[in-house]
Amino acid sequence: MQPPPRNQPKRRRLLALPAVCPCECIAPEPLLASLVSLAADVASRRAGDASAFPVLRRAARQAVRLAGLLLAFLEEVQDAIATRPTLPFSAVLGLTELHVAMQKMRFLLTDCARRGARLWVLVNAGLIASELRLCLGSVAAAMDVLPSSVLDVSVEAGELGRLVSDQAWRAVVRPDAGDSLALRSVRSIMDQFKKGVAPEAEDVRRVLRRIGVDTWSQCSEEVAFLDGELNARSDAGDESSSEVVLINGLMAFLVYCRVVLFDRIDSKQADAAAGRPATCPDWIRPEALQCPITLELMTDPVTVSTGQTYDRASISRWMKAGCRTCPVTGERLRTADLVPNAALCGIIEAMLLSNGVSLPEPSSTRHHHGDVGGSAVPFSEAAAGAARLTVAHIVAQFSAGSTEERRKATCEARKLSKHSLFYRARFVEANAVPWLLCLLSTMDSSVQDNAVASLLSLSKHPGGRVALVEAGGIGLVVDVVNVGAKAETQQNAVAILFYLSSNAEYAEEIGRFPEAIPTLVRLIREGANRGRKNAMVSLYGLLQSPSNHAKAVAAGAVAALAGLLCSDRDGDLASDTVSVLARIAEQPTGALAVLSRPGLVARLVEFLAASASRSGKDHCVGLLVLLCRHGGEKVVALLGGMRGLMGSLHSLVADGSPTTSKKARSLINFIHRHYELNRPSSLPAPVPDAGRERIVRVVL
C-alpha cells in the first residue's frame, strides 16, 4: 500500500493518544509553565454539562476536578519559586510524567465530548474508562516522585500536592450505569435486526437520548463520523476485522433511526449557512480558490509540475482522458505527480468553517459507507437486516405518505442509493422503481428532483434498469427531460437515458419515442455545460442502434455538434463532440451530413492538430477515415490539400496509441493512393517542393 502523500495534513484518529514526551534536557521552569497551561485547558472543560459529556459523565467530572486541583498546586509552586531559587533538575522526571498524562487526559476528554462520535464513544466506554484510569494513576505516580523541595515550597503547595495524589489514587473510573444500560439496548436492537424484526421505537429513542442525538442532522453527523472511521480502516487495509463489522452495523442502526424516528430534515442551519455568502481573507482573490477547470471551490487542491493548482478530481479526470498539458498554461507536464497544496487547503477550510460550512472529505480519500459492492467491507447480518427495514419504511412512504413524508423519503432514498451499492440493490428488491416513477409527475419540485436522482442511482443497477423499462418509465423520463421543474432534474433525467442506452434493446426503445432524440439535440444546442455533456454521452449511447442514426441527423444533431465544436475551441466539450460526430459518421447518411456542414471538416483538421486529448485525437482521426470511406475520392482530395494534416497524422503514427496509429496510417494511405491513381502516367514523379508538405506512403 502506498504511503500517504507528503505535506498532506493528518487528523488524529479518535481514541488515539499521541502524547509527546518533553525533551530530557528541558529546564524545569518552561516545563512547569507548559504544564500549567495544559492543566488549565483540561480544568476548563464543562464536565457538569450533560450535553457536553453525554457518555462517561462521572468519569469526566472526576478528571476535570482533579485537573483543577493539579492546576491550583502548579500555580502555587509557580508563585512560590518566583522569589526563590529555581526548581532542581530532579523535578523534571515527575513534571514530565505529569505532562504526558495530562496530554492523554486532554485527548480522552476531547474525544468524549466530540459531536458526531457519541455512539462510538458509548460502544467504547469501557476502553475509554480504562485509559482514563491509567492517566489518573500516572498523575498519582508522578506526584509521588516529585522531590520534597517542590512539594514543600509552601504549606499550601504541600497540602494541594498530597490532595492531588490521594484523589488520583482513590478515583474509581468506570462507565455510568446509564451507559451500560444504553449499550445493552444497542446490542439487543442489533440482535433484532439480525432476525429482521423492527425494534420498539421507545427502546431506540432511549439510546439516542442517552448519547444526546435529538435531531436528523445530529444523526447524520454520527453516520458521517462512522463513515470516516470505516474509511480510515479501509485505507489501512483492515477491512475484515470485527471492528469494521461493528462500525458497519452501527451505521445501519443510525440510518434506520434517521429514517424511521425523525419526521423532518432539520436543515435550517445548513440553509442559513448556504444563504450566507462565503467570505475569504482580504489578502487573497476569491477566484484563486476556484479550480480553473470546473470553476468550483476546490476541496482537495493539488499542484502540478507547472506550478498551477487544481482540484484533484478535476485534474485527475483531465489526465485520464490522455491530456498531458497544463490546462492553464498549455505547457507539457513533466510528471503526472500531484502535490497536495496544504496551505491553500487550510485557507479554504478556515473560510468555510467561518461561514458555518464543513470542508468535504478529499476526493482521493472519500468512501461510500456500507458499499459492499465497491469494496471489501463486509456487511454484517445486523446491518443487512437494518438496511432492509429502512428501505421498506421508505418505500411505504412513497406509496402512502403525505407530501412532507414523501419529500423526506425521496431525500433519504437519494442519499442511500447514491452512496451504497447494497442499499441500491435493496431498493430494487423492494420494488421502489415503479413508485419513484409515479412521483415524477408530482407538482412538488423537491420530490420530483429527489425521485429523478434516486432513479439515476438505481439505473446503475442492472435490476434497476430492467424494472424501469418494464414499468414503462422511458416515456416518463423523456418527459422530465423536457419539462422538469429544475435544470438539475432535467440533467439527471438525461443521465438516466445514458445508463439505459448501455443496452442495445433499450437504446432502440428510447429512439422510438419521437421526443427523445430531438430533446437531447436541443440540450446540446442550448443547455448548460453539464447538461450538454450528459446529452452528448446519452446520444452517443443511443447511436449504437443503427435505427437512431437517421433520427439524430433529422433532428439536427450534426448542426448542433458543429456549432459547439466551433464555439468550444479550448473547452473539454470538444472531445465529446468529436466522439459523437464519429459515431454519427459510421452510417453513410451521417457521414454525408457531416460533409455537408460548411467548414466542419477544416475545423476537425484544426482540432486534430491542436487538441491535447489522446482520446479526442483518436476519435477525430477515426472520423476522418469514415468520411473518406463514405465520401469517396472528393473527400480524400479535400483532405490531401489541407495544410497541416499530414504532419498531425505522422505525429500520431509515431506517438499515438496502437489503435490511433493504425487509423492514422490508414488515412495517410488513402491520401497517397489517391495521388498515385490520379497522376498521369506520362508525367514524371513530382519533385518535392520545400514549400509544400510531403506525402509519404506508410506500409500497414
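Please read all numbers here as calculations on a predicted model, not as lab measurements.

Student: For this particular structure, what's the right way to read the nonpolar core?
Tutor: Nonpolar side chains in soluble globular proteins generally cluster together in the buried interior. The biggest cluster of nonpolar side chains holds 192 residues, and the ones touching the most others in it are Phe73, Met102, Met105, Val139, Phe253, Leu627 and Leu639. Examining the composition of this core, we find that twelve residues originate from one element, helix α2 (residues 57–80), more than from any other. Once you skip the residues sitting within four places of it in the chain, leucine 639 turns out to touch Val601, Val605, Leu624, Cys628, Leu645, Leu667 and Ile671. Ranked by size, the runner-up nonpolar core spans 14 residues in total, among them Leu289, Cys291, Met319 and Ile348.

Student: Please explain helix α17 (residues 421–429) as it appears in this structure.
Tutor: Residues spaced three or four apart along an α-helix point in a common direction, a consequence of the helix completing one turn every 3.6 residues. In terms of burial, α17 is largely enclosed, as seven of its nine residues are buried. Those residues of α17 lying buried are Phe422, Tyr423, Arg424, Ala425, Arg426, Phe427 and Val428. Along its buried surface, α17 packs onto α11 (242–260), α15 (381–400), α16 (403–419), α18 (432–438), α19 (445–458) and α20 (462–470). Structurally, the start of α17 carries an N-cap: the backbone nitrogen of phenylalanine 422 is 3.2 Å from a side-chain oxygen of serine 420. Residue asparagine 431 follows α17 closely and has a positive phi angle near 60°.

Student: What's the story with the packing of α16 against α17 in this structure? I'm lost.
Tutor: Any two packed helices are characterised by how steeply their axes cross, that is the angle between the axes, and by the distance between the axes. Interhelical geometry of α16 versus α17 gives an angle of 125° and a closest axis separation of 5 Å. As summarised for this structure, α16 and α17 are arranged oblique, according to the angle between their axes. Residues Ala413, Leu416, Ser417, Lys418 and His419 of α16 form the contact with α17, whose participating residues are Leu421, Tyr423, Arg424 and Phe427. Counted by class, the contact of α16 with α17 contains five nonpolar, two polar and two charged residues.

Student: Looking at this model, I keep getting lost on empty space enclosed by the protein. Mind explaining?
Tutor: It is the rolling of a water-molecule-sized probe over the atoms that shows where space remains empty. Tallied over the full model, the rule gives two cavities of 30 Å³ or more. Empty space within the largest cavity amounts to approximately 50 Å³. Around the largest cavity, the lining residues are Arg115, Gly116, Arg118, Gly212, Val213, Gln218, Glu221 and Glu222. Per element, the largest residue contribution to the lining of the largest cavity is three residues, and it comes from helix α10 (residues 216–235). Its residues assigned to classes, the lining of the largest cavity comprises one nonpolar, three polar and four charged.

Student: Would you mind showing me how to read the pattern of salt bridges here?
Tutor: Inspection of every chain in the model, using the stated rule, returns 23 salt bridges. For arginine 106, the salt bridge is made with aspartate 41, and the minimal N-O distance between the two is 3.1 Å. With a gap of 65 residues between them, arginine 106 in helix α3 (residues 91–112) and aspartate 41 in helix α1 (residues 28–43) connect regions that are remote in the sequence. When its relative accessible area of 28% is taken as the criterion, arginine 106 is described as partly exposed. Under the relative-accessibility criterion, aspartate 41 is labelled partly exposed at 26%. Between arginine 603 and glutamate 606 there is a salt bridge, and its shortest N-O distance comes to 3.9 Å. Taken together, the residues arginine 603 and glutamate 606, both in helix α30 (residues 600–610) and three residues apart, mark about one turn of the helix. Residue class for glutamate 606 comes out partly exposed when judged on its relative accessible area of 39%. Salt bridges sharing partners connect three or more residues here, namely Asp41, Arg45 and Arg106.

About the thresholds
- Residues numbered from 1 in each chain as written.
- Predicted model: local features only at pLDDT ≥ 70, side-chain atom pairs only at ≥ 80, totals over all residues.
- Heavy atoms only, no water.
- Core = buried A, V, L, I, M, F, W, Y, C linked by side-chain atoms within 4.5 Å.
- Buried < 20%, exposed > 50% of the residue type's maximum accessible area, 1.4 Å probe, protein only.
- Helix = DSSP H or I, 4+ residues; strand = E, 2+ residues; numbered from the N terminus.
- Contact = heavy atoms within 4.5 Å.
- Polar contact = N/O pair within 3.5 Å; in protein donor to acceptor, adjacent residues only side chain to side chain.
- Axes fitted to C-alpha atoms, helices over the stretch in contact; angles between N-to-C directions.
- Parallel < 35°, antiparallel > 145°, perpendicular 65-115°, else oblique.
- Nonpolar A, V, L, I, M, F, W, Y, C, P; charged D, E, K, R; others polar.
- 1 Å grid on protein atoms, 1.4 Å probe; cavity = no way out; pocket = protein on both sides within 12 Å on 5 of 7 lines; lining within 4 Å.
- Points joined across faces, edges and corners; volume = space filled by probe spheres on them.
- Salt bridge = Lys/Arg side-chain N within 4 Å of Asp/Glu carboxyl O.

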